[in-house]
Amino acid sequence: MPSVITIDGPAASGKSSIARLVAKQLGYTFVGTGNMYRAFTWAVLNRGIDPGDAAAVVAVLPSIVFECPVSDGQTHVRLDGHDLTADQLNSDAVNAAVSLVARVPEVRTRLVADQRALIRLGSLVMEGRDIGSVVFPDSPFKIYIDASEEVRASRRRAQGQADNLAERDRIDKARKSSPLVVPDGATLIDNSAITLDEAVQLVLQALNERGLKS
Ligand code: CDP
Ligand code: CDP
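Residues numbered from 1 in each chain as written. Chains lettered and ligands numbered in written order. Predicted model: local features only at pLDDT ≥ 70, side-chain atom pairs only at ≥ 80, totals over all residues. Heavy atoms only, no water.

**Structural notes on the site of ligand 2**
To be explicit about the condition: Throughout, near means a residue has at least one heavy atom within 4 Å of the molecule or strand. N or O atoms within 3.5 Å of each other form a polar contact, as long as, within protein, one can give a hydrogen and the other can take it, and as long as residues adjacent in sequence are counted only when both atoms are side-chain atoms. Residue-level accessible areas treat just the shown protein chains as cover; the underlying method is Shrake-Rupley with a 1.4 Å probe. A run of H or I in DSSP becomes a helix once it reaches four residues, and a run of E becomes a strand once it reaches two; helices and strands are each numbered from the N terminus.
Around ligand 2 sit 14 residues in total, of which K15, S16, S17, R156 and N191 are the nearest. In this structure, an oxygen atom belonging to ligand 2 sits 2.5 Å away from a side-chain N or O atom of S17. In the environment of ligand 2, a nitrogen atom lies 2.9 Å from a nitrogen or oxygen atom belonging to the side chain of N191. With the chains in place, 78% of the 540 Å² that ligand 2 exposes on its own is no longer accessible. Within the residue set of the shell around ligand 2, elements represented by two or more residues are α1 (15–26) and α8 (149–158). Residue contributions to the shell around ligand 2 peak at three residues, all from α1.

Structure, rendered in structure tokens:
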């Protein structure tokens with residue numbers, strides 16, 4: 001039976017860097033679900049749709065062709081037959097709109113189905129906001145990564161991005177459909193004051209204590 005390690009947490013907490021390294025260490029496929037919501041947001045903006053107009057977002061969904069091919073041990077996002085670059089996925093426009101698109105229940109239903117289907121690839125490390133609470137709630141390997149708001153803002157600034165983290169977190173925690181929560185039974189790791197490598201070691205130790213056979 002493949003294992004799924006779920007890693008959730010707020011924006012710029014370090015979860016994708018940690019998840020990528022944990023996946024590499026274990027030889028599992030890394031799946032960043034934030035990029036999937038970012039790709040849909042790119043599609044919505046590209047079609048001239050107001051991301052705050054939920055009905056218009058729902059109406060455009062059938063026209064979006066979305067795939068998650070795997071290479072180099074991780075999934076990528078392909079939209080309407082094209083690979084999206086990191087610059088496109090992390091553009092200021094997408095940062096500002098992604099939480100509005102991600103709170104639309106129909107968007108989540110579609111992406112959660114795609115995320116669950118990735119189990120066909122074998123064992124996964126999947127990171128996002130609702131992976132331990134909604135996508136794979138039965139996984140025994142749930143981690144929640146946190147860091148203080150100041151540390152998260154300074155990490156994102158160091159990446160050179162304009163990103164209103166506090167506003168994105170507010171919308172992500174307040175939405176009705178799959179809000180950001182600490183999943184039941186998750187190990188909470190605050191990595192405000194430790195290095196990336198130390199955080200990875202803590203995650204591997206927690207997984208080991210939970211009986212992960214690596
Ligand atoms: O990297 P960062 O934490 O800033 O963001 P991300 O993981 O790329 O996620 C971008 C946005 O997608 C989040 O602010 C959420 O609105 C949404 N998201 C979500 O709703 N559910 C997920 N499983 C992953 C991301
Ligand atoms: O995926 P998420 O938005 O939660 O965060 P990330 O993009 O993985 O991490 C944001 C930045 O913080 C990256 O440049 C990481 O290398 C850095 N980071 C760090 O300096 N120390 C940590 N303990 C964790 C992350």
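**Details of the environment of A54**
Here is the rule: Each residue's exposure class comes from its accessible area (1.4 Å probe, protein chains only) as a fraction of the maximum for that residue type: buried when under 20%, exposed when over 50%, partly exposed otherwise.
Considering the arrangement of structural elements, one finds A54 in helix α3 (residues 54–60). Relative accessible area serves as the criterion here: at 38%, A54 is assigned to the partly exposed category. Spatially, the C-alpha atom of A54 lies 8.2 Å from that of L100, the residues being 46 residues apart in sequence.

**Examining the sheet that holds strand β6 (residues 78–79)**
Let me state the cut-off plainly: By this definition, two strands are paired if DSSP reports at least two bridges between them.
With antiparallel pairing, three strands are arranged side by side in an open sheet as β3-β6-β7. Looking along the sheet, the strands with just one partner apiece sit at the ends: β3 (66–67) and β7 (82–83). In this sheet, β7 lies alongside β6 in antiparallel orientation, the contact comprising two bridges. Bridge pairing links R78 to D83 in β7.

**Considering the site of ligand 1**
Cut-off, in case you're wondering: Each residue gets one of three labels, nonpolar for Ala, Val, Leu, Ile, Met, Phe, Trp, Tyr, Cys and Pro, charged for Asp, Glu, Lys and Arg, and polar for the others, Gly among them.
Taken together, 19 residues surround ligand 1, and among them K15, R38, R108, R168 and D172 come closest. Contacts to ligand 1 include T33, whose side-chain N or O atom sits 3.0 Å from a nitrogen atom. R38 places a polar side-chain atom, nitrogen or oxygen, 2.7 Å from an oxygen atom of ligand 1. Alone, ligand 1 offers 530 Å² of accessible surface; in the complex the protein occludes 95% of this. Elements that contribute at least two residues to the shell around ligand 1 include exactly α2 (34–46), α5 (92–102) and α9 (165–174). Of the residues in the shell around ligand 1, the class split is six nonpolar, four polar and nine charged.

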